[in-house]
Amino acid sequence: MSDETLLRAAPTTFAVIAIQNYGSSGSLFLHSLLDGHPEALTLPGPYGVQYYATWAAQIEAEAPQGMDYARVRHWVTDRAFLGLVDPAPTYPYGLTELGDDRTGTASVDRERFIRAFDLLAQRIARDEGLPDPSQIAPENVRSYRSVCLRALYLAYALCVGQDLSRKRFITYPAHSSPMRDIEPLCADFAHVRF
């Protein structure tokens, strides 16, 4: 089945399971237990921690200088989540030392991930009644933060071979995030459980 067909079968609305910690409490371990759950969308390790705070600081804060879809996608694929497609050999948390022989990584094919992200961002924006992401501009970029988050999670799940049609939850790594990260998460999703 083609990626386009698989992506069309994917839901685009989700409840959120936000994993919170208190000190060294095993939250990364709990997160890893949900990695293989057939109904949960997850990113490996700490990817996505403070997504909203980082979005505000690196996307919305830069918007007055000119923001468009290419810059948003570059932030996802080449800055904030670069390790998903091009991990550093010394990345912490063992994400470059997976499998019995410790030579596997949690990374996915860059081109496939970008194609999926683009298709999903277009579809989710359309489902939300937003203009095509090619119309992202400084004055509307905030409207796309949830679109990009969902596209990111779904594109990664596609690339690791998960059944997208069964996904119902996003596992969000809240961990010790400040309220400037948690408040927009709760604003973007109707159902968030910590």
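Located above this text is the structure these notes cover.
Below: a short report on this structure. (Residues numbered from 1 in each chain as written. Predicted model: local features only at pLDDT ≥ 70, side-chain atom pairs only at ≥ 80, totals over all residues. Heavy atoms only, no water.)

Considering unusual backbone geometry
No. 1: Unusually for a residue other than glycine, Gln50 sits at a positive phi of about 60 degrees.
No. 2: Looking at where Gln50 falls in the secondary structure, it is placed in the loop between strand S2 (40-41) and helix H3 (51-60).
No. 3: Assessed through its relative accessible area of 25%, Gln50 is described here as partly exposed. (Helix = DSSP H or I, 4+ residues; strand = E, 2+ residues; numbered from the N terminus. Buried < 20%, exposed > 50% of the residue type's maximum accessible area, 1.4 Å probe, protein only.)

Some thoughts on the packing of aromatic side chains
No. 1: All chains considered together, the criterion is met by 9 aromatic pairs.
No. 2: Relative to Trp75, the ring of Tyr51 lies with its centre 5.7 Å away and its plane at 55 degrees, an arrangement referred to as tilted. Residue Tyr51 is located in helix H3, and its partner Trp75 is located in helix H4 (residues 69-80); the two are separated by 24 residues in the primary sequence. Take Tyr51 and Trp75: they sit in the same class, and that class is buried.
No. 3: Between the aromatic rings of Phe113 and Phe117, the centroid separation amounts to 6.4 Å while the plane-to-plane angle is 25 degrees, which identifies the pairing as stacked. Here Phe113 and its partner Phe117 are both found in helix H5 (residues 110-127), 4 residues apart, which amounts to about one turn of the helix. Each member of the pair, Phe113 as well as Phe117, is classed as buried.
No. 4: A network of ring pairs unites the aromatic residues Tyr51, Tyr52, Trp55, Trp75, Phe81 and Tyr172 as a single cluster. (Phe/Tyr/Trp six-rings, centres within 6.5 Å; stacked < 30°, edge-to-face > 60°.)

Focus: the environment of Arg193
No. 1: Residue position: Arg193 is located in strand S4 (residues 192-193).
No. 2: A sequence separation of 178 residues divides Arg193 from Ala15, and the C-alpha atoms of the two residues are 8.1 Å apart.
No. 3: Ignoring sequence-local partners within four residues, the contact set of Arg193 consists of Val16, Ile17 and Ala18. (Contact = heavy atoms within 4.5 Å.)

Observations concerning the sheet that holds S2
No. 1: Spatially, the 4 strands line up as an open sheet ordered S2-S3-S1-S4, and their pairing is parallel. Strand pairing shows two members of the sheet lacking a second neighbour, S2 and S4, which therefore form its edges.
No. 2: The pairing of strand S1 (residues 15-20) with strand S3 (residues 169-175) spans 5 bridges and is parallel. Residue Gln20 lies in a different strand from S3, and its bridge partner there is His175.
No. 3: Strands S1, S3 and S4 of the sheet are contacted by helix H7 (residues 179-188), whose axis makes an angle of about 165 degrees with S3. (Pairing = 2+ DSSP bridges. Axes fitted to C-alpha atoms, helices over the stretch in contact; angles between N-to-C directions.)

Digging into the pairing of S1
No. 1: Sheet topology places S1 next to S4; 2 bridges connect them, and they run parallel. Within S4, the position partnered with Val16 by the bridge is Val192.

Considerations on helix H2 (residues 27-34)
In an α-helix, one full turn covers 3.6 residues, which means residues spaced three or four apart are oriented alike.
No. 1: Residues Ser27, His31 and Leu34 constitute the buried set of H2. The arc enclosing the buried residues of H2, seen along the axis, measures out at 55 degrees, which places them on a common side. Exposed residues on H2 whose side chains face more than 90 degrees from its buried face are Phe29 and Leu33.
No. 2: Looking at the buried positions of H2, the neighbouring elements they touch are S1, S2 and S3. (Arc of directions from axis to C-beta.)

Observations regarding the pairing of S3
No. 1: For S3, a buried count of 6 out of 7 residues is recorded, marking the element as mostly surrounded by other parts of the structure.
No. 2: In terms of strand pairing, S2 meets S3 through 2 bridges, oriented parallel. By the bridge assignment for S3, Leu41 is matched with Ile170.

Details of H7
No. 1: Within H7, burial applies to Asp181, Ile182, Pro184 and Leu185.
No. 2: Packed against the buried residues of H7 are S1, H3, helix H6 (145-159), S3 and S4.

Describing the side chain of Asp181
No. 1: Tracing the backbone shows Asp181 in helix H7.
No. 2: Within the buried set, Asp181 has no salt-bridge partner at all; the shortest N-O distance to an opposite charge, 7.4 Å, is to Arg180.
No. 3: At a separation of 2.9 Å, a polar atom in the side chain of Asp181 contacts the main-chain amide nitrogen of Ala53.
No. 4: The contact partners of Asp181, leaving out residues within four places of it in the chain, are Gln50, Tyr51, Tyr52, Ala53 and Tyr172. (Lys, Arg positive; Asp, Glu negative; His and termini not counted. Salt bridge = Lys/Arg side-chain N within 4 Å of Asp/Glu carboxyl O. Polar contact = N/O pair within 3.5 Å; in protein donor to acceptor, adjacent residues only side chain to side chain.)

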